[in-house]
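Each chain, written out:
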Amino acid sequence: MPNATHTVRFKIYRYDPDQDAKPYMQDISVELDSTDRKLLDAMVKLKAQDDSISFRRSCREGVCGSDAMNINGKNGLACLTAMDSFPPGKPIVLRPLPGLPVIRDLIVDMTQFFKQYNSIKPYLINNDPPPERERLQSPEDREELNGLYECILCACCSTACPSFWWNPDKFVGPAGLLAAYRFIADTRDQATGERLDDLDDPYRLFRCHTIMNCVDVCPKGLNPTKAIGKIKEMMVRRAV
Amino acid sequence: MKRLVVGAHYGLMDWLAQRITGIVMAAYTLLMFAAMLGGAAASRQAWHDFMANGFIRFVSFLFILSLCYHAWVGVRDIWMDYVQPAAIRVTLHVLTLLALTGYAGWAVQILWRL
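Now for a description of the structure that goes with this document. (Residues numbered from 1 in each chain as written. Chains lettered and ligands numbered in written order. Predicted model: local features only at pLDDT ≥ 70, side-chain atom pairs only at ≥ 80, totals over all residues.)

Brief notes about the nonpolar core
All names here are of chain A.
- One finds Ala-155, Leu-177, Leu-178, Ala-180, Tyr-181 and Ile-231 to be the most contacted residues of the largest nonpolar core, which totals 57 residues.
- When contributions to this core are tallied by element, the ones reaching two or more residues are strand S1 (6-14), helix H1 (39-49), strand S3 (68-71), helix H2 (111-119), helix H5 (173-184), helix H7 (213-217) and helix H8 (224-239).
- At eight residues, H5 tops the list of elements feeding residues into this core.
- In this view, Ile-231 contacts Leu-177, Ala-180, Tyr-181, Ile-184, Leu-199 and Leu-205; residues no more than four positions away in its chain are not counted. (Core = buried A, V, L, I, M, F, W, Y, C linked by C-beta atoms within 7 Å. Buried ≥ 20, exposed ≤ 12 C-beta atoms within 10 Å, placed from the backbone. Helix = DSSP H or I, 4+ residues; strand = E, 2+ residues; numbered from the N terminus. Contact = placed C-beta atoms within 7 Å.)

Some details on the interface of chain B and chain A
- Facing the twelve residues of chain B at the interface are 16 residues of chain A.
- Element by element, the count of residues in the side of chain B that touches chain A is highest for helix H1 (residues 12-37) of chain B, at three residues.
- Taken together, the residues that form the side of chain B that touches chain A break down as eight nonpolar, three polar and one charged. (Nonpolar A, V, L, I, M, F, W, Y, C, P; charged D, E, K, R; others polar.)

What about the packing of H1 of chain B against helix H3 (residues 54-82) of chain B?
Residues and elements named next belong to chain B.
- The interhelical angle for the contact between H1 and H3, taken along N-to-C directions, is 140 degrees, at an axis separation of 8 Å. Taken together, the axes of H1 and H3 lie oblique to each other. Remark: the crossing between H1 and H3 carries left-handed chirality. The residues of H3 that touch H1, namely those facing Asp-14, Ala-17, Gln-18, Thr-21, Gly-22, Val-24, Met-25, Tyr-28 and Leu-31, are Val-59, Leu-62, Phe-63, Ser-66, Leu-67, Tyr-69, His-70 and Val-73.
- Tallied by class, the residues present in the contact of H1 with H3 amount to eleven nonpolar, five polar and one charged. (Axes fitted to C-alpha atoms, helices over the stretch in contact; angles between N-to-C directions. Parallel < 35°, antiparallel > 145°, perpendicular 65-115°, else oblique. Left-handed = near helix turned anticlockwise from the far one by under 90°.)

Some details on the pairing of S1 of chain A
- Relative to strand S2 (residues 24-32) of chain A, S1 of chain A is paired through nine bridges, and the arrangement is antiparallel. The residue bridging Lys-11 of chain A from the neighbouring strand is Asp-27 of chain A, located in S2 of chain A. (Pairing = 2+ DSSP bridges.)

Digging into H2 of chain A
Residue and element names in this part refer to chain A.
- Three or more residues of H2 are buried, namely Phe-113, Gln-116 and Tyr-117. Down the axis of H2, the smallest arc covering the buried residues is 100 degrees, so these residues share one side. Facing away from the buried surface of H2 by more than 90 degrees, the exposed residues are Thr-111 and Asn-118.
- As for H2, its buried residues are in contact with H5.
- In the stretch just after H2, Lys-121 is the one whose phi turns positive, near 55 degrees. (Arc of directions from axis to C-beta.)

So this is what it looks like as structure tokens:
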């Protein structure tokens with residue numbers, strides 16, 4: 001069907017705190033070309049049709065993590081979600097990421113999410129004088145960081161996690177814990193003990209009950225549950 | 001004083017204990033199933049003799065302790081998730097501990113008088 005146009009129906013969460021007493025779901029349709037392959041393409045067309053619809057977007061290729069939203073009940077990136085992955089004929093339901101305060105429409109306030117991320121000190125701590133060229137790792141040690149460093153902080157995982165919904169101020173959340181393990185696993189980091197001390201806490205780490213919603217939704221295919229398991233394993237090895 | 005505080009520095013041992021007590025309970029359940037298939041519950045007398053056996057008393061006691069510890073960690077987690085005021089939470093923690101301790105004593109008393 002080259003360049004065939006077709007109509008796609010949407011149900012979009014709308015809320016403008018300056019105007020609306022409460023949020024509502026808006027039914028809206030848009031004409032799409034066959035070249036509109038991703039959900040974000042469709043949303044850009046929607047925005048051209050009704051410019052009051054607000055959402056974040058930037059790189060449109062799954063690297064910046066800004067267009068994370070709840071798509072038909074599951075968190076994901078609009079730019080990585082293919083239009084042909086939706087069941088035909090049914091409206092596509094878009095809501096903001098659950099559990100975070102809504103600023104407007106699909107835009108949420110990520111302050112709490114980044115507070116937790118910052119709390120794990122997401123940077124290399126090494127008190128040795130920097131070497132002339134760089135801090136080297138063996139290929140095996142470097143291998144350990146694969147599946148950890150790729151996180152784009154889109155917050156799909158943490159906002160899919162009930163433990164984060166109940167305790168966003170105390171539980172670090174899957175994204176933060178994945179980042180924490182990224183530095184715990186790094187052989188160039190010298191603060192492993194302090195990092196483990198910081199996480200050995202009923203709230204910060206042990207709110208995770210391994211339900212794996214984070215793994216289910218991660219648009220980059222990462223596995224925060226596995227990283228959390230490895231942090232726990234390191235704590236056990238340290239304690240026994 | 002309303003500042004948020006975290007950093008109680010416990011949790012690992014409870015998490016580990018919950019796993020270990022889970023394994024103990026699973027092993028005990030399998031043992032019970034095997035015993036029942038083997039006719040241990042064929043009659044009241046057979047069941048009585050089975051439960052009065054020294055080894056079964058020993059593992060039943062471990063099962064009850066495991067159950068109570070496992071339940072303590074799990075129920076405490078529920079209070080921590082859903083009950084925010086610290087005064088109510090500590091009350092619920094204490095009540096849970098007292099109830100589980102009482103249940104453990106009561107169950108042991110039932111099993112060991114056989």
